[in-house]
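# Chain and residue survey
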Amino acid sequence: GWLYKAWHHNGALIDLIFAPSGGPITDETIERAPVLEVAALRVHVFTLEDVMTTKLLALTEQEPNFGQLLSYARALREQIDWDDVRDRSEASPFARAFFTLVEGLGIVERAAV
């Protein structure tokens, strides 16, 4: 009840998320979302920071899997404002563990103190 998956004619899988774990979609969320063309439609899409924050906040004791998040972090490390993601996800013990892991692996720089 929070996600719809669609296939683009070029073979790309598109996730349409309308109730993310990180909280409701607000006017602020939409304002910071770039508009991209998807299947000939111009739509707002999550920023990379929103994607990472939402995925970190979705981690639970039942599903504490960092695998996909690590692959995103490695592939997109220079494109993500990690301080923003860190600030917005700091209430989650899983997010704090993720940052300990990616900082230890040298994927993300340690937070400025």
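Note that this is a predicted model, so its numbers are computed, not measured. (Residues numbered from 1 in each chain as written. Predicted model: local features only at pLDDT ≥ 70, side-chain atom pairs only at ≥ 80, totals over all residues. Heavy atoms only, no water.)

### Digging into the layout of surface pockets
Once rolled over the atoms, a probe with the size of a water molecule shows which space is left empty. What counts, and what does not: Here the term cavity refers to a set of points on a 1 Å grid, laid over the protein atoms alone, in which a 1.4 Å probe fits but cannot get out; the term pocket refers to an open set having protein on both sides within 12 Å along at least five of seven lines, with lining residues being those that place an atom within 4 Å of a point. Grid points are joined across faces, edges and corners, and a volume is the space filled by probe spheres set on the points. Numbering of helices and strands runs from the N terminus; a helix is a DSSP stretch of H or I covering at least four residues, while a strand is a stretch of E covering at least two. The nonpolar class holds Ala, Val, Leu, Ile, Met, Phe, Trp, Tyr, Cys and Pro. Asp, Glu, Lys and Arg form the charged class, and all remaining residues, Gly among them, are polar.
The calculated volume of the largest pocket comes to roughly 1300 Å³. Lining the largest pocket are 36 residues, and of these Asp-15, Ile-17, Phe-46, Val-51 and Lys-55 lie nearest its centre. Looking at the lining of the largest pocket, the elements that each hand over two or more residues are strand S2 (13–17), helix H1 (27–32), strand S3 (35–38), strand S4 (41–44), helix H2 (48–58) and helix H3 (67–76). It is H2 that contributes the most residues to the lining of the largest pocket, seven residues altogether. Residue composition of the lining of the largest pocket, grouped by class: 25 nonpolar, seven polar and four charged.

### Observations concerning the packing of aromatic side chains
What counts, and what does not: Centres within 6.5 Å are what make two rings of Phe, Tyr or Trp a pair, Trp counting through its six-membered ring; a difference in plane orientation under 30 degrees is then read as stacked, over 60 as edge-to-face, and the rest as tilted. Exposure classes here rest on a 1.4 Å probe applied to the protein chains alone. A residue is buried below 20% of its type maximum, exposed above 50%, and partly exposed in between.
Enumeration over the complete set of coordinates arrives at four aromatic pairs. Here the aromatic rings of Trp-82 and Phe-98 are separated by 6.5 Å at their centres, their planes lie at 40°, and the arrangement is tilted. Of this pair, Trp-82 sits in helix H4 (residues 82–89) while Phe-98 sits in helix H5 (residues 93–104), and the two are 16 residues apart along the sequence. Classification of Trp-82 as buried rests on a relative accessible area of 8%.

### Some points on the pattern of salt bridges
Spelled out, the test is: When a carboxyl oxygen of Asp or Glu lies within 4 Å of a side-chain nitrogen of Lys or Arg, that pair is called a salt bridge.
Enumeration according to the criterion identifies nine salt bridges in this entry. A salt bridge links Glu-78 to Arg-77; the nearest nitrogen and oxygen atoms lie 4.0 Å apart. Using a relative accessible area of 66% as the deciding quantity, one classes Glu-78 as exposed. Assessed through its relative accessible area of 29%, Arg-77 is described here as partly exposed. With a closest N to O distance of 2.7 Å, Glu-103 and Arg-86 form a salt bridge. Separated by 17 residues along the polypeptide, Glu-103 in helix H5 and Arg-86 in helix H4 bring together distant segments of the chain. Grouping residues by exposure puts Glu-103 and Arg-86 together as buried. Taken together, the shared-partner salt bridges in this structure form one network comprising Glu-28, Arg-32, Asp-50, Asp-84 and Arg-88.

### Looking at unusual backbone geometry
At Ala-39, a position not held by glycine, the phi torsion is positive, near 50°. For Ala-39, the location among the structural elements is in the loop between S3 and S4. Not every positive phi belongs to a glycine, and Ala-40 is a case in point at roughly 70°. Residue position: Ala-40 is located in the loop between S3 and S4. By relative accessible area, which is 66% here, Ala-40 ends up exposed.

Purely geometric numbers; function is a separate question.
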